[in-house]
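# A closer look at the structure
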Amino acid sequence: MPRKAFAARSLGDRIFRYQLTATGVAVLAIMAGVGLFLLLRAGQALKVRGFAFLTTAEWQPDVHRFGIAAVLTGTLLIALVAVAISVPLAVGTALFISDVAPRPLRRTLVTMVDLMAAVPSVVYGLWGLFFLQGHVIGLSRWLSDWFGWFPLFTVDGTQPGEPLASESVYTASTFIAGLVVALMVAPIQCSVMREVFAQAPAGEREGAYALGATRWGMIRSVVLPYGKGGIIGGTMLGLGRALGETIAVYLIISPVFTIQPHILQTGANSVSSLIALHYGDASTFGMSALMAAGLALFLLTLAVNFTASTVVARSRSGAQSEA
């Protein structure tokens, strides 16, 4: 019978292991503490509204008529618009840095992307409000004229090709807020994807070239299959970041408390901007209602992160390639 080999751990290894275990437990304890705090503070509001808290599309907590149906819909739409724009941008930038850009240029590009991730949210919000919005109205009008038959791109009160339509119907929209958030989360996604793409096995890259593959063929058959987990992980990380963005969205949108499915039309809302808008003047019960909204956002973000972890674990990034 073969004997099992036991490797004696040194004192440094044991200390390092205990430190990692303690760190992991501390992270879980902090997360559980945040959730418990929100649940206790939201208990009064949740007891009054119950399940109707998720289906009501108005916010009047002082008369016990409030819910997050409208703001939750707005949060999801802004996040989905952001991810739809940021993922292609992040994947393309990460591939360019890792496999196309000349080596002397890569360090500069990496530094620029990392610096973009460090820019404060309020700067993105002000830039989006005073600069980007005016330059995006033409795109919003074009999308509405040509794709207005699709409900997401419909703008109430306008007709396709109407030259005198007021520009104000296209401002402060879900689309503009999502575009700004996309530029905020793209550097984070790009950093994750770039690190994974750079670890694609050099032997498989060279093997693809030896078999006559072009650079795009090598990327398609080696780098992208290897980096599948990184793409998924970066995408979901950006989605979680987009769901909780507050300041930039608060500065751009025109808050409405009805379900607004038209992303090009003025008027939007999100859970985080709702909390920022009403936190300063909320009554005791209103504060409980805001805590309930925060609890819903907390649980939604947790669900996104756990889903991302599950998908990445099953993708086994790097275990397979098609070179």
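Cut-off values and rules
Residues numbered from 1 in each chain as written. Predicted model: local features only at pLDDT ≥ 70, side-chain atom pairs only at ≥ 80, totals over all residues. Heavy atoms only, no water. Helix = DSSP H or I, 4+ residues; strand = E, 2+ residues; numbered from the N terminus. Buried < 20%, exposed > 50% of the residue type's maximum accessible area, 1.4 Å probe, protein only. Contact = heavy atoms within 4.5 Å. UniProt positions renumbered as here; feature names shortened; annotations may be inferred. Patch = residues over 30% accessible without salt bridge, like charges linked within 9 Å, V, L, I, M, F, W, Y side chains within 5 Å. Areas by Shrake-Rupley, 256 points an atom, 1.4 Å probe, with all protein chains shown as cover. Salt bridge = Lys/Arg side-chain N within 4 Å of Asp/Glu carboxyl O. Phe/Tyr/Trp six-rings, centres within 6.5 Å; stacked < 30°, edge-to-face > 60°. Lys NZ or Arg CZ within 6 Å of the ring centre and 35° of its normal. Polar contact = N/O pair within 3.5 Å; in protein donor to acceptor, adjacent residues only side chain to side chain. Expected span 1.5 Å × (residues − 1). Bend = angle between axes of the 7 residues up to and from the residue.

The subject of this paragraph is the overall build of the chain. From N to C terminus, the chain includes 11 helices and 2 strands. Taken from the N to the C terminus, the helices and strands of the chain come in the order α-β-β-α-α-α-α-α-α-α-α-α-α. Based on the C-alpha atoms only, the size of the chain along its principal axes is roughly 75 × 50 × 35 Å. Out of the 323 residues belonging to the chain, those deemed buried represent 41%. Long-range contacts, defined here as pairs at least 24 residues apart, represent 75% of the contacts in the chain between residues at least 6 apart.

All right, on to the UniProt feature "transmembrane region" (unreviewed entry) in the chain then. The sites that UniProt annotates as "transmembrane region" (unreviewed entry) are residues 20–40, 68–97, 109–132, 169–188, 247–264 and 284–306. In residues 20–40, the share of helix is 100% and the share of strand is 0%. The end C-alpha atoms are 30 Å apart.

Further remarks concern a nonpolar patch on the surface. A grouping of Val119, Val122, Val123, Leu126, Phe130 and Ile247 is seen on the molecular surface, where their side chains present a nonpolar patch of about 500 Å² in accessible area. When residues in the nonpolar patch are grouped by element, the largest group, 4 residues, is from helix α4 (residues 121–147). By secondary structure assignment, the location of isoleucine 247 is in helix α9 (residues 247–252).

The tally for this structure, following the rule as stated, stands at 8 aromatic pairs. Taking the centre distance of 5.7 Å and the plane angle of 70° together, the rings of tryptophan 59 and phenylalanine 66 count as edge-to-face. Owing to a relative accessible area of 10%, tryptophan 59 belongs among the buried residues under this scheme. What makes phenylalanine 66 buried here is its relative accessible area of 0%. An aromatic cluster is built from Trp142, Phe147, Trp149, Phe150 and Phe153, whose rings are joined through pairwise contacts. Against the face of phenylalanine 66 rests arginine 49, its NZ or CZ located 5.8 Å from the ring centre.

What follows covers the environment of serine 221. Looking at where serine 221 falls in the secondary structure, it is placed in helix α7 (residues 215–226). For serine 221, a relative accessible area of 16% translates into the label buried. Only 2.7 Å separates the side chain of serine 221 from the backbone oxygen of glycine 217, close enough to count as a polar contact.

This paragraph deals with helix α8 (residues 228–243). For α8, spanning 16 residues, the distance from its first C-alpha to its last is 23 Å, which sits close to the expected 22 Å at 1.5 Å a residue. Buried within α8 we find Gly229, Gly230, Ile231, Gly234, Thr235, Met236, Gly238, Leu239, Gly240, Ala242 and Leu243.

One full turn of an α-helix is made of 3.6 residues, so residues set three or four places apart face in the same direction. Its 25 residues give helix α5 (residues 174–198) an end-to-end C-alpha distance of 35 Å, which sits within 8% of 36 Å, the value for a rise of 1.5 Å per residue. Residue valine 185 marks the point of greatest curvature in α5, where the axis turns by about 35°; the proline proline 187 follows within four residues. Burial runs high along α5: 20 of the 25 residues are buried.

This next bit is on the side chain of serine 191. For serine 191, the location among the structural elements is in helix α5. Accessibility expressed as a relative area gives 18% for serine 191, which makes it buried. Non-local contacts of serine 191, meaning those with residues more than four positions away in its chain, are made with Val113 and Asp114.

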